[in-house]
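Fold and contact review
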Amino acid sequence: MDFAFTEEQRLFAESVRRFATDKLQPGALKRAHDPEFDWATAQMIADQGLLGITLKAEDGGIGGTLMDAVIAIEQVALVCPKSADIVQAGNFGPIRTFAEYGTPQQKEKWLPDLLSGKMLISLGMSEPDAGSAATELRTSAREDGDHYVLNGQKVFGTHSRDASIYLIYVRFGPGLDGIGSIIVERNTPGFTVGEPSSFMSGEEWCPLFMEECRVPKENLLLGPGGFKRQISAFNAERIGNSSRSLAIGRHAFNLARQYALERTQFGRTLCEFQGLQWKFADMALKLESAQLLLYKAAAGADEGLPSAQDTTMAKLACNLAGFEVASEAVQVMGGMGYSRETLAEYCMLRTKGWMIAGGTVEMMKNRLAEFVFDRRFSQRAPSVKERG
Ligand SMILES: Cc1cc2nc3c(=O)[nH]c(=O)nc-3n(C[C@H](O)[C@H](O)[C@H](O)COP(=O)(O)OP(=O)(O)OC[C@H]3O[C@@H](n4cnc5c(N)ncnc54)[C@H](O)[C@@H]3O)c2cc1C
């Protein structure tokens, strides 16, 4: 067992950190509060070779490991939290599922632009009545000649405002085995991107409406029965979510640590007050223990996809640590922490989002309990027949 980076990983982390410090540190605060997608930065990050890290070389990727992608997202987030969204989009998001299951023709059509920071793909899984209960999704796909006809609505999609293509989870028939996915292009007749709404972090999302939306059959990603395979690829997305949660919590921690070393009250620097020292001790412990679970999940990824149990643990630990640490960092920095003069409040708002996105912390605990007891616990209310 070795808890240290390999020499190669250490050098890669240093090179990403140097790039981030030179190119992304200037403007990091302004970028955080701008809801526009930063295409110029996306292309710069692509040129640096930080998109498609885990994708195969024949798909236009770098052919690296999941750990490499985690290192990249961490090093960027530690310098410019907002720019880590670009690393997420190009490595862990729906692009990962798409690259895993897309046909050669689909990949040829879309991957080059996705990997060069010129195009975004957004995931449409959540619906107004299917959030944590994702398998209750209703968006339907029926066959009609050489097309599928989609009807339904999606909500909360990251990058839904700016994406050109959408990975839409659809229902071909009843039950879990009826679920699959289709790629929908933004300009498809019957597909409408609604007005943007804001999350508390300032990120914007748009509802997606499909009304008799005709999508060519060649856009099918996974047919009926594809849900389980999609979710195993989704574990890679969860690793990205975990990495950002933790790194952005650590970003806030670093700001608060520096502040506590410099700020004086009652004639003493803040770090001399034991009440604050204990907060920092707790924060450091949370960050470090979540970090180990994250690296365990990423390093243990078998053929590029991490195990469900390791991912669940890592996501839970990183979501909790990221938010709790960022929230304490704001507290330690007082009015300055609560102000938009620094990135601490942004870190707190973003880390709160990841306690909900990609499976809430409560749902992660439900899943973890299933691993503990090695059995499924249905969350569904028992039917009248089952109640007796
Ligand atoms: C920042 C952000 C980005 C997102 N990006 C995307 C995206 O790109 N694509 C996409 O499709 N969706 C996205 N989502 C949506 C996200 O996946 C859902 O918000 C999430 O799955 C929770 O669903 P919900 O909001 O409907 O909450 P609900 O499912 O209604 O849950 C409400 C509360 O009840 C709790 N709860 C529900 N069921 C149980 C249970 N069985 N046991 C215990 N507690 C339970 C939940 O944990 C939560 O606290 C995003 C959300 C956020 C906040």
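Here the structure is a predicted model, which is why all the values come from computation and not from measurement.

**Focus on the overall build of the protein**
A tally of helices and strands in the protein yields 14 helices and twelve strands. A compact globule built from 388 residues should have a C-alpha radius of gyration of about 21 Å, and the protein, at 21 Å, falls within 12% of that. Along the three orthogonal principal directions, the C-alpha set of the protein runs to about 75 × 60 × 45 Å. Sorting the 388 residues of the protein into buried and exposed places 45% on the buried side. At a minimum sequence separation of 6, the contacts of the protein that also span at least 24 residues come to 71%.

**Some details on the site of the ligand**
Around the ligand there are 18 residues in total, and Met-125, Gly-131, Ser-132, Thr-360 and Glu-362 lie nearest to it. Where the shell around the ligand is concerned, the elements lending two or more residues are strand S1 (121–124) and helix H13 (361–373). For the shell around the ligand, a count of residues per class yields seven nonpolar, ten polar and one charged. If you count residues domain by domain, the shell around the ligand takes at least three from each of domain 2 (121–225) and domain 3 (228–373).

**Section: the packing of helix H4 (residues 66–79) against helix H5 (residues 84–91)**
Geometry of a packed helix pair, given as the angle between the helix axes and the separation of the axes. Packing of H4 against H5 brings their axes to within 8 Å, and their N-to-C directions diverge by 160 degrees. The pairing of H4 with H5 is recorded here as roughly antiparallel in orientation. In this structure, H4 meets H5 at a crossing whose hand is right-handed. Note on element contacts: H5 touches H4 through Ala-84, Val-87, Gln-88 and Asn-91, opposite Ala-69, Ala-72, Ile-73, Val-76 and Ala-77. Partitioned by chemical class, the residues of the contact of H4 with H5 number seven nonpolar, two polar and no charged.

**Topic: the domain arrangement of the protein**
The domains assigned to the protein are domain 1 (7–115), domain 2 (121–225) and domain 3 (228–373). Tallying the contact residues gives 15 residues for domain 1 and 14 residues for domain 2. Looking at the side of domain 1 that touches domain 2 element by element, the count peaks at five residues for helix H6 (residues 94–101).

**What to know about the pairing of strand S5 (residues 179–185)**
Among the seven residues that make up S5, six are buried, leaving the element largely enclosed by the rest of the structure. Here seven bridges tie strand S4 (residues 165–171) to S5, and the two strands are oriented antiparallel to one another. In the strand pairing of S5, Leu-167 is matched with Ile-183. Where S5 meets strand S10 (residues 220–222), two bridges bridge the pair, whose relative direction is antiparallel. What sits directly across from Ile-182, in S10, is Leu-220.

**With respect to helix H10 (residues 308–332)**
Its 25 residues place the ends of H10 36 Å apart at the C-alpha level, agreeing with the 36 Å of an ideal helix rising 1.5 Å per residue. Most of H10 is tucked away: 20 of the 25 residues are buried. Looking at the residues trailing H10, positive phi occurs at Gly-334, about 55 degrees.

**Observations regarding the packing of H5 against helix H8 (residues 227–262)**
Between H5 and H8, the least distance of the axes is 10 Å, while the angle of their chain directions is 165 degrees. Compared by their axis directions, H5 and H8 come out roughly antiparallel. In terms of crossing hand, the pair formed by H5 and H8 is right-handed. Within the contact between the two elements, H5 uses Ala-84, Gln-88 and Asn-91 and H8 uses Gly-240, Arg-244 and Ala-247. Tallied by class, residues from the contact of H5 with H8 come to two nonpolar, three polar and one charged.

**Details of the nonpolar core**
Within the largest apolar cluster, 105 residues are counted, with the highest numbers of intra-cluster contacts made by Val-76, Ile-182, Ala-252, Ala-256, Ala-329 and Ala-344. Sequence-distant contacts of Ala-329, defined by excluding residues within four places in its chain, comprise Ala-252, Phe-253, Leu-255, Ala-256, Gly-337, Ala-344 and Cys-347.

Calculation criteria
Residues numbered from 1 in each chain as written. Predicted model: local features only at pLDDT ≥ 70, side-chain atom pairs only at ≥ 80, totals over all residues. Helix = DSSP H or I, 4+ residues; strand = E, 2+ residues; numbered from the N terminus. Rg over C-alpha atoms; globule rule 2.2 N^0.38 Å. Buried ≥ 20, exposed ≤ 12 C-beta atoms within 10 Å, placed from the backbone. Contact = placed C-beta atoms within 7 Å. Near = placed C-beta within 6 Å. Nonpolar A, V, L, I, M, F, W, Y, C, P; charged D, E, K, R; others polar. Domains from an automatic or database assignment. Axes fitted to C-alpha atoms, helices over the stretch in contact; angles between N-to-C directions. Parallel < 35°, antiparallel > 145°, perpendicular 65-115°, else oblique. Left-handed = near helix turned anticlockwise from the far one by under 90°. Pairing = 2+ DSSP bridges. Expected span 1.5 Å × (residues − 1). Core = buried A, V, L, I, M, F, W, Y, C linked by C-beta atoms within 7 Å.

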